[in-house]
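# Architecture and fold: a report
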Amino acid sequence: MLNNRRKFLKKSFSNSFLAIVGWESMISLLSSFSLHENNLTENVNINFEQKPLPYAYNALEDCIDATTMEIHYTKHAAAYAKNLNEALIAEKVQKEISLEKILANISKYSVKMRNNAGGHFNHELFWQCMQPKTINNLPKDNILLEINKSFGDFAAFKKLFSDAGKSRFGSGWVWLVKDESGKLKITSTANQDNPLMDLKEIEIKGSPILCLDVWEHAYYLKYQNKRADYIEQWWNLVNWNFVEKRLSIK
Ligand code: MN3
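Note that the structure is predicted; figures quoted are calculated from it, not measured.

### Focus: the overall build of the protein
In terms of regular secondary structure, the protein is built from ten helices and three strands. Secondary structure elements of the protein, listed N to C terminal, follow the sequence α-α-α-α-α-α-α-β-β-β-α-α-α. Out of the 250 residues in the protein, the part that is buried amounts to 44%.

Spelled out as structure tokens, the structure:
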């Protein structure tokens, strides 16, 4: 009886809802959802402000210590977000433009925009690429298939990616990207540049799937000069479910 009443209410609600909004707007609403599904920015929710860290500062111990995480998030990354917003105002950029669009046209903006739009995007992605330490943390599903297809096997991929981090001179990032043809590639960028930028220094362009910060501020307190040890420990933190999600973005 109650169930029937619920069904009736539900049905009359949907009927009147459709009568009010109309089928056409319903269809456009639905298609806007599917558009968002294919929109990289929507999927990782990278906008112009810092999102809360998806875990506590001490959640990545003993691979990355709490003090490093706190300083990294509240000082370094926060500064990129603040300076990005200053640059957006100074250069009269509407926030309706996505951060990725700005990055894809970064050659038309100032150096301040390049460093801080890059810095903000890179860190927001980096936080999401990590999760608390998992023993035997390995990729599975599509991301594993794609890694095997592109690099032979996971061990070969891990070595190439780690080597790119160890050999990055000075400060920068390591990336796993999906290029225009859908192929996975490993690349490294200096400073806060990234593979979305339309700059001649960016050798391999593509959609970032996974990134690793190899700036000293990401590891120096615990690892000092031993960047290789930091990279080796970092593999325990990779959030492969998130990477899988990034891979599925068209
Ligand atoms: Mn950093």
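After presenting the structure, the write-up continues.
### Quick look at the sheet that holds strand 1 (residues 172–178)
Taken together, the three strands give an open sheet; going across it, the order is 2-1-3, and neighbouring strands pair in antiparallel fashion. Looking along the sheet, the strands with just one partner apiece sit at the ends: strand 2 (184–190) and strand 3 (207–213). Geometrically, the sheet is characterised by an average inter-axis angle of 25° between neighbouring strands, direction not taken into account.

### A short note on the pattern of salt bridges
Within this structure, the stated rule accounts for ten salt bridges. With a shortest N-O distance of 2.7 Å, Glu86 and Lys112 are connected by a salt bridge. Remark: Lys112 occurs in helix 5 (residues 111–128) and Glu86 occurs in helix 3 (residues 66–90); sequence separation between them is 26 residues. Given the relative accessible area of 36%, Lys112 is considered partly exposed.

### Section: the pairing of strand 3
Buried residues dominate strand 3, accounting for six of its seven residues. Two elements, strand 1 and strand 3, share six bridges in a ladder whose sense is antiparallel. Note that in strand 3 the partner of Trp173 across the bridge is Asp213.

### Notes on the coordination of the manganese ion
Protein coordination at the manganese ion comes from His72 (NE2), His123 (NE2), Asp213 (OD) and His217 (NE2), with a distance range of 2.0 to 2.2 Å. All donors to the manganese ion come from one chain, and their sequence spacing reads H-x50-H-x89-D-x3-H. What makes Asp213 buried here is its relative accessible area of 0%.

### As for the environment of Glu216
Tracing the backbone through its elements, the reader meets Glu216 in the loop between strand 3 and helix 8 (220–223). Distance in space between the C-alpha atoms of Glu216 and Gly170 is 8.6 Å, their sequence separation being 46 residues.

### What about the packing of aromatic side chains?
In this structure the tally under the stated criterion is 16 aromatic pairs. For the pair Phe126 and Trp127, a centre-to-centre distance of 5.7 Å together with 45° between the ring planes defines the contact as tilted. Phe126 sits in the buried class, given a relative accessible area of 1%. Ring geometry for Phe126 versus Trp173: centroids 5.5 Å apart, planes at 90°, classification edge-to-face. Of this pair, Phe126 sits in helix 5 while Trp173 is found in strand 1, placing the two residues 47 residues apart along the sequence. What links up through ring pairs into an aromatic cluster is the set Phe151, Phe154, Phe157, Phe161, Trp234, Trp235 and Trp240. Here Lys222 stacks its cationic end above the ring of Tyr223, 5.7 Å away from the centre of that ring.

### Regarding the environment of Ser107
Here Ser107 lies in the loop between helix 4 (99–104) and helix 5. Spatially, the C-alpha atom of Ser107 lies 6.2 Å from that of Asp198, the residues being 91 residues apart in sequence. If sequence neighbours within four positions are ignored, Ser107 has contacts with Asp198 and Leu199. At 2.6 Å, the side chain of Ser107 and the side chain of Asp198 are in polar contact.

### Things to note about the side chain of Thr189
As for its position among the elements, Thr189 is in strand 2. With relative accessibility at 4%, the residue Thr189 sits in the buried group. What Thr189 contacts, discounting residues up to four positions off in sequence, is Arg168, Ser171, Gly172, Trp173, Trp175, Asn194, Pro195 and Ile202.

### Remarks on the packing of helix 7 (residues 154–167) against helix 9 (residues 227–234)
Two quantities define a packed helix pair, namely the angle between the axes and the distance from one axis to the other. One can describe the packing of helix 7 onto helix 9 by two numbers: an axis separation of 10 Å at closest approach and a directional angle of 145°. The crossing of helix 7 and helix 9 is right-handed. Residues Lys158, Phe161, Ser162, Gly165 and Lys166 of helix 7 form the contact with helix 9, whose own contacting residues are Arg227, Ala228, Ile231, Glu232 and Trp234.

Conventions adopted
Every residue gets a number counted from 1 within its own chain, in the order that chain's sequence is written. The predicted nature of this model means local features are confined to residues of pLDDT at least 70 and side-chain atom pairs, given and counted, to a pLDDT of 80 or more, with totals for whole chains, interfaces and linings taken over all residues. Computation of side-chain values: all heavy atoms of the structure, hydrogens and water removed. Secondary structure follows DSSP: runs of H or I at least 4 residues long count as helices, runs of E at least 2 residues long count as strands, and numbering of each begins at the N terminus. Residue burial is assigned from relative accessible area. The probe radius is 1.4 Å, only protein chains are included, and a residue is buried under 20% of its type maximum, exposed over 50%, and partly exposed in between. Two strands pair under a simple rule: DSSP has to find at least two bridges between them. Helix axes use the C-alpha atoms of the stretch in contact, all axes being lines fitted to C-alpha atoms, and the angles between their N-to-C directions lie in the range 0 to 180 degrees. We count a salt bridge whenever a side-chain nitrogen from Lys or Arg sits within 4 Å of a carboxyl oxygen from Asp or Glu. The rule for donors is simple: N, O or S, within 2.8 Å of the metal, or within 3.2 Å if the metal is Na, K or Ca. Water isn't counted, so a site may look like it is missing partners. Note on aromatic pairs: the rings of Phe, Tyr and Trp (six-membered ring only in Trp) are paired at centre separations within 6.5 Å, and the planes decide the class, stacked below 30 degrees, edge-to-face beyond 60, tilted for the rest. Think of it as a cone above the ring: NZ of Lys or CZ of Arg counts as a charge over the ring if it is within 6 Å of the ring centre and within 35 degrees of the ring normal. Any two residues whose heavy atoms approach within 4.5 Å at even a single point are treated as in contact. Any pair of N or O atoms that falls within 3.5 Å is considered a polar contact. Within protein, one atom must be able to donate a hydrogen and the other to accept it, and sequence-neighbouring residues count only if both atoms are side-chain atoms. Crossing handedness is defined as follows: a turn of the near helix away from the far one that is anticlockwise and smaller than a right angle gives a left-handed crossing, while the clockwise case is right-handed.

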